[in-house]
Amino acid sequence: PLVVRLAGTKFKEGKKMDELQIWTLFSSNRIGSALTGIGIILAIWLSLRIAKATRESDEANLFTKAVSSLFGLITLAYAWQQYTIGGNIRVAAAQSLSNLKESGTELSQVAEGFISNVGTDFSATPSPLGIAFLVVIAIMILVQIWLPKN
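Keep in mind the model is a prediction, meaning the values are calculated, not measured. (Residues numbered from 1 in each chain as written. Predicted model: local features only at pLDDT ≥ 70, side-chain atom pairs only at ≥ 80, totals over all residues. Heavy atoms only, no water.)

S.K.: What is the right way to read the packing of helix α1 (residues 19-56) against helix α3 (residues 109-118) from this model?
M.R.: The relative placement of two packed helices comes down to the angle between their axes together with the axis-to-axis distance. One way to put it is that α1 packs onto α3 with a least axis distance of 11 Å and a crossing angle of 55 degrees. By the angle between their axes, α1 is oblique relative to α3. Of the two possible hands of crossing, α1 and α3 adopt the one that is left-handed. In this structure, α1 contributes Glu19, Trp23 and Phe26 to the contact, and α3 contributes Val110, Ala111 and Phe114. (Axes fitted to C-alpha atoms, helices over the stretch in contact; angles between N-to-C directions. Helix = DSSP H or I, 4+ residues; strand = E, 2+ residues; numbered from the N terminus. Parallel < 35°, antiparallel > 145°, perpendicular 65-115°, else oblique. Left-handed = near helix turned anticlockwise from the far one by under 90°. Contact = heavy atoms within 4.5 Å.)

Structure, rendered in C-alpha cells:
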C-alpha cells in the first residue's frame, strides 16, 4: 500500500490525519515562516542601507543606481512571495480541518473558528497589510536612490 511520510508519521492510503496532527504540522510550518520573516527584515534593512549609501556616494552613476534599485526590488519580490506562502499555509491548515470535518470528524471550537476566520480559498497575493508594507518600503528605497539630493 501507498505510504505517505508527513512530519515523521506514516499514513497508509485512506487513513486521515486527526485534528492534533493538523495543528502540529501547522505549527511546524509557522516556525519556518517566522525564520523566513526574520531573514526578510534583515534583507529589507540591507536594501535600505544600500539605497542610503548609493544616495550619499559622490561616485554613484546610473549603473550603481540601477543595481541598487534592482537589489531592493528583488528583495521585495521575494518578501511578496514569502508573505503569500505564509498566508497560504494558514489556508492549507484551514482546508485540512474543513476536509476533516466533512469526513465526519467533530472539530473543536478553535478549529471551527479558525476555518471561519481564515477561509479555504488560496490567494496569489499577500494580505492587504503586507502589500501596503512592501509598497511603502519600495517607495523608501526608490526615493533614496533616484530623487535629487536637494
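S.K.: In this structure, what is going on with the packing of aromatic side chains? I would like to understand it.
M.R.: Each aromatic ring pair is summarised here by two numbers: the centre-to-centre distance and the angle between the ring planes. A complete count under the given rule lists three aromatic pairs for this structure. Taking the centre distance of 6.1 Å and the plane angle of 70 degrees together, the rings of tryptophan 23 and phenylalanine 26 count as edge-to-face. With tryptophan 23 and phenylalanine 26 both in helix α1 and three residues apart, this pair spans about one turn of that helix. Accessibility classification places tryptophan 23 together with phenylalanine 26 in one group, the buried group. Judged by centre distance (5.3 Å) and plane angle (65 degrees), the ring pair of phenylalanine 26 and phenylalanine 114 falls under edge-to-face. (Phe/Tyr/Trp six-rings, centres within 6.5 Å; stacked < 30°, edge-to-face > 60°. Buried < 20%, exposed > 50% of the residue type's maximum accessible area, 1.4 Å probe, protein only.)

S.K.: Help me out: how do you make sense of the layout of surface pockets in this one?
M.R.: A probe matching the size of a water molecule, rolled over the atoms, marks out where space remains unfilled. In this structure, the largest pocket spans a volume of roughly 230 Å³. Of all the secondary structure elements, the ones that give two or more residues to the lining of the largest pocket are α1 and α2 (62-102). When residues in the lining of the largest pocket are grouped by element, the largest group, eight residues, is from α1. For the lining of the largest pocket, a count of residues per class yields five nonpolar, eight polar and two charged. (1 Å grid on protein atoms, 1.4 Å probe; cavity = no way out; pocket = protein on both sides within 12 Å on 5 of 7 lines; lining within 4 Å. Points joined across faces, edges and corners; volume = space filled by probe spheres on them. Nonpolar A, V, L, I, M, F, W, Y, C, P; charged D, E, K, R; others polar.)

S.K.: Quick question: what am I supposed to make of the confidence of the model for the protein chain here?
M.R.: Caution applies to low-pLDDT parts of the model: their predicted coordinates are not meant to be read in detail. For the protein chain, mean pLDDT is 90; residues scoring 70 or higher make up 90% of the total. For the protein chain, the element scoring lowest by mean pLDDT is strand β1 (residues 3-6), at 42; helix α4 (residues 128-146) scores highest, at 97. A low-confidence stretch, residues 1-10 (pLDDT under 50), is modelled with 14 contacts involving residues beyond four sequence positions or located in other chains. (pLDDT = per-residue confidence, 0-100.)

S.K.: Would you take a moment to explain the nonpolar core for this structure?
M.R.: For soluble globular proteins, nonpolar side chains are generally found buried alongside one another. With 16 residues, the main nonpolar core has Trp23, Phe26, Leu97, Leu107 and Phe114 as its most contacted residues. If you list the elements that add at least two residues to this core, you get α1, α2 and α3. Among the elements that make up this core, the one with the highest residue count is α2 (six residues). Setting aside chain neighbours within four positions, we find phenylalanine 26 in contact with Ile89, Arg90, Ala93 and Phe114. By size, the runner-up hydrophobic cluster in this structure holds ten residues, among which are Ile40, Ala79, Leu134 and Ile145. (Core = buried A, V, L, I, M, F, W, Y, C linked by side-chain atoms within 4.5 Å.)

S.K.: Please clarify how α4 should be interpreted in this entry.
M.R.: Helix length check: α4, at 19 residues, gives a terminal C-alpha distance of 26 Å against a target of 27 Å (1.5 Å per residue), a fit within 8%. Along α4, the positions that sit buried rather than exposed are Gly130, Leu134, Ile137, Ala138, Ile141 and Ile145. Viewed end-on, α4 has its buried residues packed into an arc of 105 degrees, placing them on one side of the element. In this structure, α4 carries Pro128 and Leu129 as exposed residues pointing more than 90 degrees from its buried face. In this structure, the buried residues of α4 make contact with α1 and α2. (Expected span 1.5 Å × (residues − 1). Arc of directions from axis to C-beta.)

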